[in-house]
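What follows is each chain in one-letter form.
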Amino acid sequence: MIQKEAPKVKDDKNIKNVIAVMSGKGGVGKSTVTTLLAKELKKKGYSVGVMDADITGPSIPRLMNVREQRMVTDGKNMYPVVTEDGIEIVSINLMIDENEPVVWRGPVIAGAVMQFWNEVVWGDLDYLLIDMPPGTGDVPLTVMKSFNIKGLIMVSIPQDMVSMIVTKAIKMARKMNANVIGLIENMSYITCDCCDNKIYLTDENDIQNFLKENDVELLGELPMTKQIAKLTKGESAYPEETFSKIADRVIEKVKAL
C-alpha cells in the first residue's frame, strides 16, 4: 500500500497562542464561549482571531454579527473577515450561504480545517481561538495532532450525561498530550430578578466532584439567560464582569504554560 505524504503544516510564528475550545457534546455553548472570550480578550488589548472549525455546524459569523461579509481568496491564500471590533474570523459560512448544508465526509472536513490553518493569511495575533465541533473525531484529532496549540478550554453544562461526554474529551486531550487549561460551565445557574441571588439548577457538589475526578480547574460559571439571543445582534449576552474574570484567568493560565 502506498502511503500518501502527510500535509505540511505551516509554522505560524505570527500567532502567539492557539487555544481550542472543546466539549465533546453539542449544544453546550462552545461557540458562545469562544465568541465571548474573543471579545473580552480584544477589550483587554490583545489581537485576536477565531477559526470556526465546526464545518458542518458553523455559527461564529452569526454570533459575531458578520453574516453579510465574505472571505476572499487570491487563488493561493484566503483572507479572514474582520469584525467591527477588530477580530479576525474564518468560517465556512463566510464562503457559502449559511443555510446551505455541508455534506462532506470526515476526512474532507478535516482537510478543510487544515486549509484554514495553512492557507489563511492571519495578521499578528496574540490569540487564535479555535471553535471545535462536537465529538472526538477527525477535526479534534487533526487540531491536536497538527496544530501548534497551547491548550484547550472545555465547556460543559450541569447535566450528568454531558459531564460523561466532556470527560471523554478531556481524556482524549491528555492522550494527545494537549494541555487542558480549564473548564467553563455554561447554563450553570439563573439569577433571581428580585434579589439577584444565584439559583443553581443542580447540586453544586456535582461540578466539584467532576472537577476533582478529572483534575481540571473551573475557570468560571455562566448563567442561563434569555439575553443570549442578543449576541447575534452584536450585544453582550452576559454582564461584562462575569466574563472579564474568566478571561483574566485564561490569560494567567496561558502565560504559565
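Bear in mind that the values here come from a model prediction, so they are computed numbers and not experimental data.

Even after reading the chapter, I still don't get the nonpolar core, so can you show me in this structure?
One broad rule of soluble globular proteins: the nonpolar side chains tend to lie buried together. Met51, Ile89, Ile130, Val143, Phe147, Leu152 and Met154 are the most contacted members of the largest nonpolar core, which has 78 residues in total. Discounting chain neighbours no more than four positions away, the residues touching isoleucine 89 are Val50, Ile60, Pro61, Met64, Val66, Pro80, Val81, Thr83 and Leu94.

Please clarify how the environment of valine 180 should be interpreted in this entry.
Within the element layout of this structure, valine 180 appears in strand β9 (residues 180-191). Among all residues touching valine 180, those that are not within four sequence positions of it are Leu152, Met154, Ile170, Ala173, Arg174 and Val216.

I keep staring at the pattern of salt bridges and nothing clicks. Help me out?
Here the idea is simple: oppositely charged side chains can pair when their charged atoms come close. What the rule picks out here adds up to 8 salt bridges. Between glutamate 252 and arginine 249 there is a salt bridge whose closest N-O contact spans 2.7 Å. Of this pair, glutamate 252 and arginine 249 both sit in helix α7 (residues 240-256), 3 residues apart, roughly one helical turn. Residue arginine 249 is classed as partly exposed on the basis of its relative accessible area of 25%.

For this particular structure, what's the right way to read the packing of aromatic side chains?
The description of an aromatic ring pair rests on the distance of the ring centres and on the angle between the ring planes. For the structure on display, the rule yields 3 aromatic pairs. Measuring from ring centre to ring centre gives 5.4 Å for tyrosine 46 and tyrosine 127, while their planes differ by 85°; the resulting arrangement is edge-to-face. Here the residue tyrosine 46 occupies a position in the loop between α1 (30-43) and β2 (48-52), and tyrosine 127 occupies one in strand β7 (residues 125-131), the gap between them amounting to 81 residues. Residue tyrosine 46 is classed as partly exposed on the basis of its relative accessible area, which comes to 21%. Judged by its relative accessible area of 2%, tyrosine 127 is buried. A ring pair is formed by tyrosine 189 and tyrosine 200, whose centres lie 5.5 Å apart and whose planes are at 50°; its orientation type is tilted. Here the residue tyrosine 189 occupies a position in strand β9, and tyrosine 200 occupies one in strand β10 (residues 198-200), the gap between them amounting to 11 residues.

Explain helix α5 (residues 160-175) here, please?
Because each turn of an α-helix spans 3.6 residues, side chains separated by three or four positions in sequence point in the same direction. When the terminal C-alpha atoms of α5 are compared, their 23 Å separation across 16 residues agrees well with the 22 Å that a helix rising 1.5 Å per residue should span. Along α5, the residues classified as buried are Val162, Ser163, Ile165, Val166, Thr167, Ala169, Ile170, Met172 and Ala173. Of the residues one or two after α5, asparagine 177 is the one with positive phi, at around 60°.

When you look at the pairing of strand β8 (residues 151-156) in this model, what are you seeing that I'm missing?
If a strand is regular, its side chains alternate between the two faces of the sheet. For β8, the tally of buried residues reaches 6 of 6 residues, placing the bulk of the element in the interior. Here β8 shows a buried face lined by Gly151, Ile153 and Val155 and a second buried face lined by Leu152, Met154 and Ser156. The pairing of strand β1 (residues 15-22) with β8 spans 4 bridges and is parallel. Considered in β8, the bridge of valine 21 is made with isoleucine 153.

Help me out: how do you make sense of the pairing of β9 in this one?
For β9, the tally of buried residues reaches 9 of 12 residues, placing the bulk of the element in the interior. For β8 and β9, the ladder comprises 5 bridges, and the chain directions are parallel. If you follow methionine 154 over to β9, its bridge partner there is leucine 183. As judged from the 4 bridges shared by β9 and strand β11 (residues 218-223), these two strands associate in the parallel manner. Bridging across to β11, glutamate 185 finds its partner in glutamate 221. Bridging between β9 and β10 involves 3 bridges; their strand directions are antiparallel. Across the sheet, residue tyrosine 189 finds its bridge partner in β10, namely tyrosine 200.

Help me out: how do you make sense of the environment of threonine 191 in this one?
Examined against the element boundaries, threonine 191 turns out to sit in strand β9. Beyond its immediate chain neighbours, meaning those up to four positions away, threonine 191 contacts Asp196 and Asn197.

What's the story with the packing of helix α3 (residues 106-119) against helix α4 (residues 138-146) in this structure? I'm lost.
Helix packing for two helices is described by the angle between their axes and how far apart those axes are. Here α3 crosses α4 at 40°, and the two axes come no closer than 9 Å. Considering their axes alone, α3 and α4 lie oblique with respect to each other. Here α3 runs over α4; the crossing is right-handed. Counting all contacts with α3, which are made through Gly106, Pro107, Ile109, Ala110, Val113, Met114 and Trp117, the residues of α4 involved are Asp138, Val139, Thr142, Val143 and Ser146. Counted by class, the contact of α3 with α4 contains 8 nonpolar, 3 polar and 1 charged residues.

Explanation requested: unusual backbone geometry in the structure shown.
With the exception of glycine, most residues fall at negative phi, and the peptide bonds are largely trans. Phi at asparagine 177 takes a positive value of approximately 60°, unusual for a residue other than glycine. Relative to the helices and strands, asparagine 177 resides in the loop between α5 and β9. The phi dihedral of methionine 187 is positive, around 55°, even though this residue is not glycine. With respect to the helices, strands and loops of the structure, methionine 187 is situated in strand β9.

Cut-off values and rules
Residues numbered from 1 in each chain as written. Predicted model: local features only at pLDDT ≥ 70, side-chain atom pairs only at ≥ 80, totals over all residues. Heavy atoms only, no water. Core = buried A, V, L, I, M, F, W, Y, C linked by side-chain atoms within 4.5 Å. Buried < 20%, exposed > 50% of the residue type's maximum accessible area, 1.4 Å probe, protein only. Contact = heavy atoms within 4.5 Å. Helix = DSSP H or I, 4+ residues; strand = E, 2+ residues; numbered from the N terminus. Salt bridge = Lys/Arg side-chain N within 4 Å of Asp/Glu carboxyl O. Phe/Tyr/Trp six-rings, centres within 6.5 Å; stacked < 30°, edge-to-face > 60°. Expected span 1.5 Å × (residues − 1). Pairing = 2+ DSSP bridges. Axes fitted to C-alpha atoms, helices over the stretch in contact; angles between N-to-C directions. Parallel < 35°, antiparallel > 145°, perpendicular 65-115°, else oblique. Left-handed = near helix turned anticlockwise from the far one by under 90°. Nonpolar A, V, L, I, M, F, W, Y, C, P; charged D, E, K, R; others polar.

Keep in mind these values describe shape, not function.
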